[in-house]
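A closer look at the structure
Read off the chains here:
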Amino acid sequence: MTEAHFSDVGAAVIGSGFIGTVHIENLRRLGVNVRGLLGSDPARGEQAAARIGLPRAYPSLEALLDDADVDVVHVTSPNQLHFPQVKAILAAGRHVICEKPLAVTSEQSAELVELAAKSDRVSAVNFNIRFYALNQHAHQMVRDGELGEPRLVTGHYFQDWLLLDTDWNWRLEPDKGGSLRAVGDIGSHWIDLTNFISGLRVQSVMADLSTFVKVRRQPRGPVETFSQERAGETVATDMATEDAALILLRYANGARGSVAVSQVSAGRKNSLQWEVDGTTSAAWWDSETPDHLFIGHRGRPNEILQRGAELMNETGIAAASLPGGHVEGFGDTFHALFREVYRAVLAGRAPERPLYATFEDGHHEMLVGDAVARSAGQGSWVDVARA
Ligand SMILES: NC(=O)c1ccc[n+]([C@@H]2O[C@H](COP(=O)([O-])OP(=O)(O)OC[C@H]3O[C@@H](n4cnc5c(N)ncnc54)[C@H](O)[C@@H]3O)[C@@H](O)[C@H]2O)c1
């Protein structure tokens with residue numbers, strides 16, 4: 001029997017906006033056979049397929065799932081569509097990579113965990129930030145005890161693209177994005193990433209949510225994510241979701257944490273930082289300088305580890321593509337994540353300890369979100385429900 005290759009696997013992508021395009025580009029880089037895409041309607045799908053150079057746009061999800069050569073479906077549609085689409089994909093016996101957040105409620109994500117467990121398919125949530133090579137390296141460092149026992153997990157995730165009242169996106173509409181916005185959209189990445197690196201799950205939270213921009217000028221037509229276009233008629237729309245959140249965290253082993261999340265921090269384009277302080281050493285990373293990891297010591301000089309195969313552990317090396325000094329970035333994380341998931345697809349099963357986020361991880365993040373919302377509502381500490 002000849003060895004199977006990524007080119008033997010067929011994929012289709014739902015959504016062709018900001019992130020759907022990044023999925024398609026990185027599937028191509030991996031050599032996967034990208035069969036086609038599904039747009040919000042057949043005409044827009046056709047336009048997107050022509051723009052990206054894909055052979056077809058499916059007219060419907062049913063038509064996509066009728067294509068016997070599609071093995072894996074990527075879900076990159078707005079959040080409220082993840083649940084029905086993933087359900088249909090699993091029912092049709094396909095592997096699935098779903099964008100974050102996995103769903104808009106934890107009832108939905110719990111059901112998806114169950115459906116995925118009953119299927120023999122590979123299922124992943126696209127928490128891509130895990131796949132910066134130095135985050136994979138840091139995950140292994142903590143597992144190997146190189147920081148001692150983690151005590152403090154701190155950081156932020158700041159952006160500025162929703163600073164002005166003229167900034168608009170579907171994420172601002174709770175029926176499309178979910179009832180948590182900054183926390184669901186980007187706080188979810190930070191929670192997943194720091195759980196992955198520290199090896200600790202959040203046990204309880206104390207959260208303060210703020211909606212600084214109370215009324216926004218909503219354009220009458222759709223707006224692409226990160227679009228700077230401001231022309232056209234607008235309507236004044238009251239905001240129901242948070243621009244920013246401050247969250248204190250407690251972990252099962254007694255560790256403590258805090259994170260600040262904001263989409264209204266001028267100048268912060270996409271700034272995620274985390275620090276894990278352990279009993280012997282510490283590590284710190286910044287998504288805007290992703291090829292450098294700061295490692296802090298008490299009794300000897302601190303280190304700055306620059307990504308490079310000769311300097312990282314095997315988990316870090318496995319996620320990297322380019323030689324050190326040739327900076328890897330956002331797009332590379334999709335390539336590394338998909339490589340891991342498609343290896344599982346070729347093997348016919350998930351690895352024992354997946355490095356990518358599973359549906360259980362995606363569900364845990366939803367449960368943390370529930371606790372954040374309840375805590376902010378009642379002004380007290382709230383335990384995260386057990387999955
Ligand atoms: N992992 C990451 O770093 C990351 C970054 C950005 C977005 N995301 C996630 O990806 C998803 C999409 O976000 P985006 O920023 O690309 O949004 P976007 O608005 O740029 O794109 C959404 C796409 O979905 C399509 N769509 C809408 N309704 C549809 C339907 N019924 N069927 C099929 N397609 C439909 C739209 O036409 C558009 O192409 C969200 O869930 C978001 O949270 C993840």
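Residues numbered from 1 in each chain as written. Predicted model: local features only at pLDDT ≥ 70, side-chain atom pairs only at ≥ 80, totals over all residues. Heavy atoms only, no water.

**Things to note about the overall build of the protein chain**
Along the protein chain, the regular secondary structure elements total 11 helices and 17 strands. Its C-alpha atoms give the protein chain a radius of gyration of 21 Å, near enough to 21 Å, the size a compact globule of 387 residues would have. When its C-alpha atoms are laid out on the principal axes, the protein chain stretches across 60 × 60 × 40 Å. Counting all 387 residues of the protein chain, 56% fall into the buried class. Counting contacts in the protein chain only where the partners sit at least 6 residues apart, residues at least 24 apart contribute 70% of the total. By element, 51% of the accessible surface of the protein chain is carried by carbon and sulfur atoms, the whole surface being about 16800 Å². (Helix = DSSP H or I, 4+ residues; strand = E, 2+ residues; numbered from the N terminus. Rg over C-alpha atoms; globule rule 2.2 N^0.38 Å. Buried < 20%, exposed > 50% of the residue type's maximum accessible area, 1.4 Å probe, protein only. Contact = heavy atoms within 4.5 Å. Areas by Shrake-Rupley, 256 points an atom, 1.4 Å probe, with all protein chains shown as cover.)

**Examining the site of the ligand**
The local shell around the ligand holds 27 residues, among which Ile19, Asn79, Lys100, Trp170 and Arg171 are the closest. At 2.9 Å, a backbone N or O of Phe18 approaches an oxygen atom of the ligand. One nitrogen or oxygen atom from the main chain of Ser77 is found 3.3 Å from an oxygen atom belonging to the ligand. Taken together, the residues that form the shell around the ligand break down as 9 nonpolar, 14 polar and 4 charged. (Near = heavy atom within 4 Å. Polar contact = N/O pair within 3.5 Å; in protein donor to acceptor, adjacent residues only side chain to side chain. Nonpolar A, V, L, I, M, F, W, Y, C, P; charged D, E, K, R; others polar.)

**Examining helix α11 (residues 359-378)**
Taking 1.5 Å of rise per residue, 20 residues should cover 28 Å, and α11 covers 29 Å from first to last C-alpha, within 8% of that figure. Following α11 by one or two positions, Gly379 has its phi on the positive side, about 65 degrees. (Expected span 1.5 Å × (residues − 1).)

**Topic: helix α1 (residues 18-30)**
An ideal rise of 1.5 Å per residue puts 18 Å on 13 residues; α1 measures up with 19 Å between its terminal C-alpha atoms. Of the positions making up α1, those classed as buried are Ile19, Gly20, Thr21, Val22, His23, Ile24, Asn26, Leu27 and Leu30. Packed against the buried residues of α1 are β1 (10-14), β2 (33-38), α2 (42-52), β4 (72-75) and α10 (330-347). The first or second residue beyond α1 is Gly31, which carries a positive phi of 90 degrees.

**A short note on the nonpolar core**
Membership of the largest hydrophobic core comes to 79 residues, with the highest contact counts inside it found for Trp274, Leu293 and Tyr342. Within the second largest apolar cluster, 24 residues are counted, among which are Ile14, Leu65, Cys98 and Leu102. (Core = buried A, V, L, I, M, F, W, Y, C linked by side-chain atoms within 4.5 Å.)

**Observations concerning the environment of Pro59**
Along the polypeptide, Pro59 turns up in the loop between β3 (57-58) and α3 (61-66). Distance in space between the C-alpha atoms of Pro59 and Pro42 is 4.8 Å, their sequence separation being 17 residues.

**Here we look at the pairing of β4**
Residues of β4 alternate between two faces, with Val72 and His74 on one and Val73 and Val75 on the opposite face, all of them buried. Here β1 runs beside β4; their pairing, made up of 4 bridges, is parallel. Bridging from a neighbouring strand, Val13 pairs with His74 of β4. In the sheet, β4 pairs with strand β5 (residues 95-98) via 4 bridges, with the strands oriented parallel. (Pairing = 2+ DSSP bridges.)

**What to know about the sheet that holds strand β15 (residues 292-297)**
Pairing is mixed in the open sheet, where 9 strands are placed in the order β16-β15-β14-β13-β7-β12-β11-β8-β17. With one partner strand each, in any of the chains shown, β16 (303-306) and β17 (382-383) form the two edges of the open sheet. Sheet topology places strand β8 (residues 202-210) next to strand β11 (residues 244-251); 8 bridges connect them, and they run antiparallel. Within β11, the residue paired with Asp208 across the bridge is Leu246. This element, helix α6 (residues 133-143), spans β7 (150-158), β13 (271-278), β14 (281-286), β15 and β16 of the sheet and lies at about 30 degrees to β15. (Axes fitted to C-alpha atoms, helices over the stretch in contact; angles between N-to-C directions.)

**Here we look at the packing of helix α8 (residues 182-198) against α11**
The axes of two packed helices give the description: the angle between them and the distance between them. It is at 10 Å that the axes of α8 and α11 come closest, and there the two elements cross at 120 degrees. With respect to their mutual orientation, α8 and α11 come out oblique. Every pair of crossing elements has a handedness; the one defined by α8 and α11 is right-handed. Contacts between α8 and α11 involve Val183, Ser188, Ile191, Asp192 and Asn195 from the first element and Asp361, His364, Glu365, Val368 and Val372 from the second. Looking at the contact of α8 with α11 residue by residue, the classes come out as 4 nonpolar, 3 polar and 3 charged. (Parallel < 35°, antiparallel > 145°, perpendicular 65-115°, else oblique. Left-handed = near helix turned anticlockwise from the far one by under 90°.)

**Quick notes on the pairing of β15**
Sheet topology places β14 next to β15; 5 bridges connect them, and they run antiparallel. Along β15, the bridge assignment pairs Ser281 with His297. Hairpin connection, β14 to β15: the antiparallel pair is bridged by 5 residues. Here β15 runs beside β16; their pairing, made up of 4 bridges, is antiparallel. What sits directly across from Ile295, in β16, is Glu303. Hairpin connection of β15 to β16: 5 residues between the antiparallel strands.

**Observations concerning the sheet that holds β3**
Ordered by their spatial adjacency, 6 strands build an open sheet running β3-β2-β1-β4-β5-β6, and the pairing between neighbours is parallel. Looking at strand neighbours, the two that pair on one side only are β3 and β6 (123-125), the edges of this open sheet. Here β5 pairs with β6 via 3 bridges, running parallel. Paired with Ile97 across the two strands is Ala124, which belongs to β6. Packed on one face of the sheet, α1 meets β1, β2 and β4 and runs near 165 degrees to β1.

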